[in-house]
Amino acid sequence: MESIGEMLKKAMADSLKDQERPAGAESAQELADRAIKDPDVQKFLKEHASELSKQAVQDSMTNICEFYLQKTSPVKAIADYQAELFMNGPLIGVRYLPTAAKRQRDEERAAESRIELIDMPKKLRRITLTDLDKGDPGRNAALLAVGKFLDEYEKHHTAKGLYLTGDFGVGKTYIMAGLANRVAKNGGKVIFLHLPTFISGLSSHFSDNSLQKEIQRVASCDVLILDDIGAETLSQWSRDDVLGVILQSRMDNDLATCFTSNMEMDDLEDHFASTKNAVDPVKAARLMQRVRYLAKEIIVTGRNRRLN
Ligand code: ADP
Ligand code: MG
C-alpha cells in the first residue's frame, strides 16, 4: 500500500500548488481549512492532542488533506480500501485499510477455500444453518445434534460425528452442508465427499501413488463428511484398503467424521458384508465398529423435498 500512498501524496502535493490551480478553484489554504474542520480529523486531533504540536499538524497538512479528499470523494483512489489517519512518529500519516465489506468478502472466500467438495454439487457451498428451516419436527433432532456437534467442535477441535439416516430427499445432505460451512467459517478444513462416486472413480482416476496421497488427504482433514454411505458398490479392496483405512486413521487421530445414508446403521453392516465376490461378516463388523465409534446415529424424517 505504501507505494500507492506515496503516489497519491505526490499527486496531491502537485494539485495543491497554487500556481497550477485553475481559475475559481479552491486554494490549498481553503482546502486545508475545510479538511481540518472535518469531524473525523477533529476527532483524531483530539485523541492525539498530547502527542501533537502545532508545527506537527502543519507539517502533516498534505496527509490530512489527502485523507479528507479521499473520505469525501465518491471515487475512491483504491477500490475496497478506505483512508485512515494514524500517528506516524511525531507526524500524522494516512494509510489505506480494507473496508468492512471487503474484509467480509475476503473471509467468505477464505472459508470457501477451506471446504473441498469431491463429487458434490457446488450449490452446497451456499447453504448456511440459518437458511435451513426449523419448522419440520422430523429434522429437529438432527439440527439439535448439529448444534451440539459445533459447540463441542469449537471447544475441543474435534467431536463425535453424526450419522444422519433417513429417506431420500428429507434434507440430510443439506443439513451436513450447513455444518460444513460453519466449521469452515471458523477455520476448520472440511472435505465433503460423495462416497459412491468417489469409490467408483478410484481405479480410473488414480495411479497407485496418487491414490495413497488422496486417501491420506481425505483421512487427515479436520472434518470429513461421507455423503450417501451405503449406496456405493464395494469391492473387498475398496472396503478394506480404502474406506477401512480412512476410517481407522480418523479414529486413531480423533478426527471428526460425519455420514449421511439412506440406510440405518444395522442395515449398513449387511451392506458392508457382501462385496462383489465374497460375503465377509467379520470384516463388515469391524468396519461397522469404526462407523459407530466415529458417529452417533440420528434418524431424519419428513417429506421428500425433491418433490416440491
Ligand atoms: P437427502 O440428502 O436427505 O436425500 P437433500 O439434502 O439432498 O436430501 O435435500 C433434497 C432437496 O431438498 C435439496 O436439493 C433441496 O432442494 C431441498 N432441501 C433440503 N433441505 C432444505 C431446506 N432446509 N430448505 C430448503 N430446501 C431444502
Ligand atoms: Mg443426500
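Check the entry above for the structure.
Owing to the predicted nature of the structure, the values given are computational and were not obtained by experimental measurement. (Residues numbered from 1 in each chain as written. Chains lettered and ligands numbered in written order. Predicted model: local features only at pLDDT ≥ 70, side-chain atom pairs only at ≥ 80, totals over all residues. Heavy atoms only, no water.)

J.: Tell me what's going on with the layout of surface pockets, and back it up with residues and numbers.
T.: To find the voids left in a structure, one rolls a probe of water-molecule size over its atoms. Approximately 500 Å³ is the volume found for the largest pocket. If you go around the largest pocket, you meet 23 residues; those closest to its centre are Gly171, Lys172, Thr173, Tyr174 and Arg306. Broken down by element, the residue count for the lining of the largest pocket peaks at three residues, all from helix H8 (residues 172-185). Residue composition of the lining of the largest pocket, grouped by class: eight nonpolar, six polar and nine charged. In terms of lining residues, the second largest pocket is bounded by 16 residues, among which Glu108, Ala111, Thr128, Asn181 and Lys185 are the most central. Every element with two or more residues in the lining of the second largest pocket is listed here: helix H6 (100-114) and H8. Of the residues contributing to the lining of the second largest pocket, the split by class is four nonpolar, five polar and seven charged. (1 Å grid on protein atoms, 1.4 Å probe; cavity = no way out; pocket = protein on both sides within 12 Å on 5 of 7 lines; lining within 4 Å. Points joined across faces, edges and corners; volume = space filled by probe spheres on them. Helix = DSSP H or I, 4+ residues; strand = E, 2+ residues; numbered from the N terminus. Nonpolar A, V, L, I, M, F, W, Y, C, P; charged D, E, K, R; others polar.)

J.: Before we move on, could you go through helix H3 (residues 39-47) and cite the residues and values that matter?
T.: Taken together, the buried positions of H3 are occupied by Val41, Phe44 and Leu45. An end-on view of H3 places all buried positions within 100° of arc, on one side of the element. Exposed positions of H3 whose direction lies more than 90 degrees from the buried face are Pro39, Lys43, Lys46 and Glu47. Elements in contact with the buried residues of H3: helix H2 (28-37), helix H4 (54-59), helix H5 (61-72), strand S1 (81-88) and strand S2 (91-98). The residue sitting at the N-terminus of H3 and contributing the capping side-chain oxygen is Asp38; that oxygen lies 2.9 Å from the backbone nitrogen of Asp40. (Buried < 20%, exposed > 50% of the residue type's maximum accessible area, 1.4 Å probe, protein only. Arc of directions from axis to C-beta. Contact = heavy atoms within 4.5 Å. Polar contact = N/O pair within 3.5 Å; in protein donor to acceptor, adjacent residues only side chain to side chain.)

J.: Give me unusual backbone geometry: which residues, what numbers.
T.: The residue Asp80 is not glycine, and still its phi comes out positive at about 75°. Exposure remark for Asp80: the relative accessible area of 32% places this residue in the partly exposed category. The phi dihedral of Asp254 falls on the positive side, at around 55°, and the residue is not glycine. Of note, Asp254 is situated in the loop between helix H11 (236-252) and strand S7 (256-261).

Shape descriptors only; they carry no functional weight alone.
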